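# Commentary on secondary and tertiary structure
One letter stands for each residue in the lines below.
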Amino acid sequence: MAHPAQHDHQQHAGREHHEHHGHEGHAQHGHGGHGGGATTWAAAAQATLHCLTGCAIGEILGMVLGTAFGLHNGATVVLSILLAFVFGYALTMRGVLKAGLDVRTAAKVALAADTVSIIVMEIIDNTVMMTVPGAMDAGLGDLLFWLALAGSLLLAFVLTVPVNKWMIGKGRGHAVVHAYHQH
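The rules behind the values
Residues numbered from 1 in each chain as written. Predicted model: local features only at pLDDT ≥ 70, side-chain atom pairs only at ≥ 80, totals over all residues. Heavy atoms only, no water. Helix = DSSP H or I, 4+ residues; strand = E, 2+ residues; numbered from the N terminus. Buried < 20%, exposed > 50% of the residue type's maximum accessible area, 1.4 Å probe, protein only. Contact = heavy atoms within 4.5 Å. Areas by Shrake-Rupley, 256 points an atom, 1.4 Å probe, with all protein chains shown as cover. pLDDT = per-residue confidence, 0-100. Axes fitted to C-alpha atoms, helices over the stretch in contact; angles between N-to-C directions. Left-handed = near helix turned anticlockwise from the far one by under 90°. Nonpolar A, V, L, I, M, F, W, Y, C, P; charged D, E, K, R; others polar. Bend = angle between axes of the 7 residues up to and from the residue. Polar contact = N/O pair within 3.5 Å; in protein donor to acceptor, adjacent residues only side chain to side chain. Phe/Tyr/Trp six-rings, centres within 6.5 Å; stacked < 30°, edge-to-face > 60°. Lys NZ or Arg CZ within 6 Å of the ring centre and 35° of its normal. 1 Å grid on protein atoms, 1.4 Å probe; cavity = no way out; pocket = protein on both sides within 12 Å on 5 of 7 lines; lining within 4 Å. Points joined across faces, edges and corners; volume = space filled by probe spheres on them.

### Topic: the overall build of the protein
A count of helical and extended segments in the protein gives five helices and zero strands. Along its sequence from the N terminus, the protein presents helices and strands in the succession α-α-α-α-α. Relative to its 183 residues, the protein shows a buried fraction of 42%. Within the protein, residue pairs in contact and separated by at least 24 positions form 71% of the contacts whose partners lie at least 6 positions apart. Summing over all exposed atoms, the protein offers an accessible surface of approximately 9300 Å²; the carbon and sulfur share of this is 67%.

This is the structure in structure tokens:
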């Protein structure tokens with residue numbers, strides 16, 4: 001079975017696609033390739049920011065909807081997590097679909113690229129929201145709600161960058177998506 005970061009150039013037959021010859025091109029982009037290459041902190045931060053964008057859209061939307069509709073805290077957290085995964089995967093799929101992948105392959109790439117990152121972010125986001133006294137019970141007009149939510153996303157970013165750096169260095173996470181980027 002081929003490594004997920006390797007893609008079949010035959011499935012792209014007849015389409016224009018920037019060819020990668022192995023993973024040599026990854027080093028110039030700071031993605032290191034397999035086996036703990038020289039992945040930069042900047043590459044890890046960029047991958048985390050990409051993941052955080054989708055995560056934050058879903059997380060904020062879930063918290064806003066749950067709060068606006070007066071859902072129980074548990075239901076609000078579940079809604080936020082579900083939407084974070086939906087938007088996180090959707091943003092990644094959007095990029096790889098543009099590179100010419102079919103929907104099924106794009107979904108597999110998104111799952112491989114973002115699952116661990118989103119899980120880590122969601123654990124951090126929701127732990128902060130649940131542990132800041134009054135944050136989950138604050139209304140949308142309360143500064144506490146927005147400060148806790150912004151703080152949870154910032155902390156999630158900071159703590160997920162090292163996770164993504166390690167994963168990219170192992171040829172996983174965002175490194176899987178990189179194989180399909182158009183340059």
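On we go.
### Considering the confidence of the model for the protein
Residues of the protein with pLDDT of at least 70 account for 77%, and the chain-wide mean is 81. Across residues 1–36, where pLDDT falls below 50, the model places 72 contacts with residues more than four positions away in sequence or in other chains.

### So, the packing of helix α1 (residues 41–68) against helix α2 (residues 73–98)
The interhelical angle for the contact between α1 and α2, taken along N-to-C directions, is 150°, at an axis separation of 7 Å. Here the hand of the crossing between α1 and α2 comes out right-handed. Within the contact of α1 with α2, the residues separate by chemical class into 11 nonpolar, 11 polar and one charged.

### What about helix α3 (residues 103–131)?
What sets the pattern is the α-helix's 3.6 residues per turn: residues three or four places apart point alike. At aspartate 114, α3 is bent by approximately 45°, the largest bend along its length. The residue sitting at the N-terminus of α3 and contributing the capping side-chain oxygen is aspartate 102; that oxygen lies 3.2 Å from the backbone nitrogen of arginine 104.

### Observations concerning the packing of aromatic side chains
Each aromatic ring pair is summarised here by two numbers: the centre-to-centre distance and the angle between the ring planes. Per the stated rule, a full pass over the model turns up two aromatic pairs. Between phenylalanine 85 and tyrosine 89 the ring centres are 5.7 Å apart and the planes differ by 55°, which places this aromatic pair in the tilted class. With phenylalanine 85 and tyrosine 89 both in helix α2 and four residues apart, this pair spans about one turn of that helix. Just as phenylalanine 85 is buried, tyrosine 89 falls in that class too. Ring geometry for phenylalanine 145 and tryptophan 146: centres 4.9 Å apart, planes at 90°, overall edge-to-face. In this structure tryptophan 146 comes out as partly exposed when scored by relative accessible area, which is 37%. Above the face of the tryptophan 41 ring, lysine 165 is positioned so that its terminal group lies 5.0 Å from the ring centre.

### Some details on the environment of glutamine 46
Its place among the elements puts glutamine 46 in helix α1. As a C-alpha pair, glutamine 46 and asparagine 164 span 118 residues in sequence and 9.6 Å in three-dimensional space.

### Side note on the packing of α1 against helix α4 (residues 143–169)
Remark: α1 packs on α4, axes separated minimally by 8 Å, with the N-to-C direction vectors making an angle of 145°. For α1 against α4, the interelement crossing comes out right-handed. Residue composition of the contact of α1 with α4, grouped by class: 19 nonpolar, four polar and two charged.

### Details of empty space enclosed by the protein
For the structure shown, the criterion picks out one cavity of 30 Å³ or more. Considered as a void within the structure, the largest cavity measures approximately 40 Å³ in volume. Along the walls of the largest cavity sit Ala47, His50, Cys51, Ala113, Asp114, Ser117, Asn164 and His174, which together make up its complete lining. Within the residue set of the lining of the largest cavity, elements represented by two or more residues are α1 and α3.

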